[in-house]
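Reading the structure
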Amino acid sequence: MLYRFGMFELDEARRELRRNGVPQPMQPRVFDVLLYLVKNRERLVSKEELLNKIWPGVIVTDSSIMRAVSVIRALLREGDEPDAIQTSSRQGYRFSAEIADGQVPQTRSRSAARAHAACDRNDWEEALRLFQKIERPDALSAQDFEAWARAALYLGRPHEAILPLESAIAAHVQNADRLAAARAALTLTNVNLEARALAVAKGWHRRVAAFLADEPGETREHGMQLWLAARIALFEGDLTTALAKAKLAEAMARRLEDPDVEALGLIYRAHVELATGEIKIGLLHLDEAGAAALGGTASPWVCGIIFCSVVWAYLDRGDIGRASQWTDQFIRWSKSNTGFGYSGLCRLHRGEVLCAQGKLSEAESEINQARELLAASARYAEGDAFRVLGEIRFLRGDLDGAEVAFRQAHELGWRPLLGMAQIHAARGRHQNAIDLLQRGLTDPSWADGQRRGILLAHLAQIAAQNGLKSQARKALSELKNARDLRSAAACEASYHEARAAVAKMEGDASGAIEALRASLTLWLDIGSQIRAAHLRLRLAELLVHCGDQSEALLELTAAQKAFVKMKAAPMVLRCQEHLARLEIKT
């Protein structure tokens, strides 16, 4: 038998699933599951029945069925049949796509057929070019418009997906397919969120609710609607709503056995939990989502979001080692997957890791390339690229350049609170720095909440350096007692720097030196040569103050060598000035 549905043909004799005539890769058992569901499409097929028919005499668990259905859904989703297999919670599955009863599907125009063929071979540039050249786009179907939008998204050009998505929604509404209209509207909601067009995104999100209002039961679209509700709430700083919606999305996805929505719900739960101090459970959910991406059950688009979120969260917490490992996985994965259109995010994360390692020239190159890509594909993250650029310049000692970059980040809607506080402190505007840090601690954005430990460490240091004893001790005490906040190595290193500043404030020079050495050891273990060089300079200054000229000379020499290697000219000059004073004294 030959079963036709949408752009697919299921050929029982040749054991092939073809999309637009192109065979799709399928393992034998996966093919058997799809064929059995198609043949029994008039009824619900239980899990027990599938196990008995597809794996007779073999001891397997429900997870084997779930994996097979997940693979099938991923294949059908690429051909605009995301709802072909419906799940009945804890009962079974039903194939719900309309079979063409031997009739050949509607013939596409030659241009549209060529564009779809380009999509099938993942030639997104050619597909987009062909779709945009079609003289009569009004003759295209809803599926054509969605394929057009998908090509634009996979190329990282979401602004070029807006018009075809709007056209797809109109076509679906005209065909009375409100569920499909909801699916396209969900994508449009996310595209507008990425572009920071929050009002437009919320408008489309409400439109999704209208499309789904009369839809019986739970569907993947309901789960995606909940996830986007969590994302919108996070954009607006409503962490309570964001967490509640993310939990609902995850729970619904488990009932529907939808790995995409489940992973998205998990990652947004993790973001909120980390931001509100639920560190252990947040990290568990972060890693679980990352494992879902590595496991290959989620779609490429969702895997890209997961990888990006995991790397970003670890960087934000100061866990440079894990961030570096995940960045390597992200880059490797993105090279072999064409379903993720945000390569700028890969470069952004790699640039931040390189910055932490002290490879400042390489980091700056990555960030500048990321900025160009993000301006087109993910404007919400372009401000973060300027934040990292500011960090690079600050570590080089270029305060003017750093301040310019941080202000640009702010203009793009980012909140480089820590960077600006460091600039204020370095320029002697200590109260401004303290006020900024206090604001981030008492009224945090979700991003500031994730880096609470780092903010506390800097507040303690700056307050101590300016003799604000009560404020410095209070910040240090909170950080000392909140071990979860210090579970990332970089945060622990910053904690020891805060200890050193408070000890120096209290006249305990030996305690300050011990704390700085503990911090230096950690930065070296992390592999952050630039932070270690800055620590050596501070340690040398304290050693000179204590009269230990020989130890100070060793630290200054090592710091200068590192700064020269990293092309941090202003910091090299500071080391030379200290060395010159040491030579005069000796």
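Below or above, wherever it landed, is the structure these notes cover. Keep in mind the model is a prediction, meaning the values are calculated, not measured.

A few words now on the sheet that holds strand β4 (residues 22-23). Note: strands within a sheet are paired through backbone hydrogen bonds, in either parallel or antiparallel orientation. Across the sheet, which stays open at both edges, the 4 strands sit in the order β1-β2-β3-β4 with antiparallel pairing between neighbours. Both edges of this open sheet fall to β1 (2-5) and β4, since each of them pairs with a single strand only. Where helix α3 (residues 62-78) meets the sheet, it contacts β1, β2 (8-11) and β3 (16-19), and its direction lies at approximately 30° from that of β3.

Looking now at the packing of aromatic side chains. Going through the model one piece at a time under the given rule, you end up with 10 aromatic pairs. Seen in terms of ring centroids, F131 and W148 are 5.8 Å apart; in terms of plane orientation they differ by 5°. Their pairing is stacked. Taken together, the positions of F131 in helix α5 (residues 124-133) and W148 in helix α6 (residues 142-154) put the pair 17 residues apart, joining distant regions of the chain. For F131, a relative accessible area of 0% translates into the label buried. Judged by centre distance (5.9 Å) and plane angle (80°), the rings of W227 and Y268 are edge-to-face. Here W227 is found in helix α10 (residues 220-235), whereas its partner Y268 is found in helix α12 (residues 259-275), with 41 residues between them in sequence.

Now for the environment of G397. Secondary-structure assignment places G397 in the loop between α18 (379-396) and α19 (399-411). Residues G397 and R574, spaced 177 residues apart in sequence, show a C-alpha to C-alpha distance of 9.3 Å. Sequence-distant contacts of G397, defined by excluding residues within four places in its chain, comprise P570 and M571.

With a phi close to 60°, N122 is a non-glycine residue in the positive phi region. Positive phi is not limited to glycine here, since R196 has a value of about 65°. Positionally, R196 belongs in the loop between α8 (178-194) and α9 (198-212).

Calculation criteria
- Residues numbered from 1 in each chain as written.
- Predicted model: local features only at pLDDT ≥ 70, side-chain atom pairs only at ≥ 80, totals over all residues.
- Heavy atoms only, no water.
- Pairing = 2+ DSSP bridges.
- Helix = DSSP H or I, 4+ residues; strand = E, 2+ residues; numbered from the N terminus.
- Contact = heavy atoms within 4.5 Å.
- Axes fitted to C-alpha atoms, helices over the stretch in contact; angles between N-to-C directions.
- Phe/Tyr/Trp six-rings, centres within 6.5 Å; stacked < 30°, edge-to-face > 60°.
- Buried < 20%, exposed > 50% of the residue type's maximum accessible area, 1.4 Å probe, protein only.

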